[in-house]
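Residue-level structure breakdown
Chain by chain, the residues run as shown.
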Amino acid sequence: TFVAHVRHATNGALTMANTHPFCQEGRLFAHNGVIGDMPKLEQHLGDDLSLVAGESDSERFFALMTAEIDRHDGDIGAGIGAAARWVVQTLPLMSINFVLVTATDLWALRYPETNTLSVLERPAGGGGGDSAAALDQSSRHGTRVTSEHARDRPVVVVASERLDGDTAWREFRPGELLHVGAGLDLQSATLFQGPAPHPM
């Protein structure tokens, strides 16, 4: 598992403390979007604000997830749902798209429709019959992802843009939370429907 993130900074200075992915309690997190009213979020976090090292809205959102996961006895999906629902119902936002990974699993959410998020389930070698190929993707924006591992093993790629012309890419529905398990099994749930109640 690896997480890569190119930051277009909207909250917080260009410092290492504000650089994605963030790490809390053995989990990595990267966020694409903007969440407003940081004072209200910080007040809601209370003592859990101690999880935050930088100035970004993203790390505060992650701290809320970490706190909710703890309150839900380590159930990551339930913690994500509780944190995301509080943010959506309470704060102005542009987008709360994110990926959260553990050593074995990945969760990703797209909400609302402002920013895209896509997933690719790629069989070992790319499914090209006898011509097994490593993963080698380059987006129209110049992002490049390569993996020799994918020559012999299936992979799941989640990205904010389609990284190549593979027709198996699928765009997340707005409000969709995707869970990728250790065996690369995918489970999808709809957390939200319709537009954000407090858009920026």
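Here the structure is shown first, and the text comes after it.
Here goes a summary of the coordinates provided. (Residues numbered from 1 in each chain as written. Predicted model: local features only at pLDDT ≥ 70, side-chain atom pairs only at ≥ 80, totals over all residues. Heavy atoms only, no water.)

Things to note about the overall build of the protein
- Counting its secondary structure elements, the protein contains four helices and 11 strands.
- In the protein, which comprises 200 residues, the share counted as buried stands at 46%.
- In the protein, the proportion of contacts linking residues at least 24 apart, taken out of those at least 6 apart, comes to 58%.
- Surface summary for the protein: the accessible area is close to 10000 Å², and the carbon and sulfur share equals 50%. (Helix = DSSP H or I, 4+ residues; strand = E, 2+ residues; numbered from the N terminus. Buried < 20%, exposed > 50% of the residue type's maximum accessible area, 1.4 Å probe, protein only. Contact = heavy atoms within 4.5 Å. Areas by Shrake-Rupley, 256 points an atom, 1.4 Å probe, with all protein chains shown as cover.)

A closer look at the sheet that holds strand β1 (residues 22-24)
- The strand order β1-β2-β3-β4-β10-β11 describes an open sheet built from six strands, whose pairing is antiparallel. For this open sheet the edge positions go to β1 and β11 (186-190), each flanked by a neighbour on one side alone. Sheet twist, expressed as the average angle between the axes of neighbouring strands with direction ignored, equals 20°.
- Sheet analysis places strand β2 (residues 27-32) next to strand β3 (residues 97-101), joined by five bridges and oriented antiparallel. Following the sheet pairing, Ala-30 is matched in β3 by Val-99.
- On top of the sheet, helix α2 (residues 57-71) reaches β1, β2 and β3; it is set at about 135° to β2, its chief contact.
- Contacts from helix α3 (residues 76-90) reach β2, β3, β4 (106-109) and β10 (176-180) within the one sheet, and its direction differs from that of β4 by about 20°. (Pairing = 2+ DSSP bridges. Axes fitted to C-alpha atoms, helices over the stretch in contact; angles between N-to-C directions.)

Digging into the sheet that holds strand β5 (residues 118-122)
- The strand order β8-β5-β9 describes an open sheet built from three strands, whose pairing is antiparallel. Pairing within the sheet leaves two strands with one partner each, and these edge strands are β8 (155-159) and β9 (170-171).
- Looking at chain direction, β5 and β9 are connected through two bridges and run antiparallel. By the bridge assignment, Val-119 is partnered in β9 with Arg-170.

Topic: the packing of α2 against α3
- Contact geometry for α2 and α3: axes closest at 8 Å, N-to-C directions at 130°. Considering their axes alone, α2 and α3 lie oblique with respect to each other. Regarding α2 and α3, the two cross each other, and that crossing is right-handed. For the pair formed by α2 and α3, the contact residues are Phe-61, Leu-64, Met-65, Glu-68 and Ile-69 on the first element and Ile-76, Gly-79, Ile-80, Ala-82, Ala-83, Ala-84, Trp-86 and Val-87 on the second. (Parallel < 35°, antiparallel > 145°, perpendicular 65-115°, else oblique. Left-handed = near helix turned anticlockwise from the far one by under 90°.)

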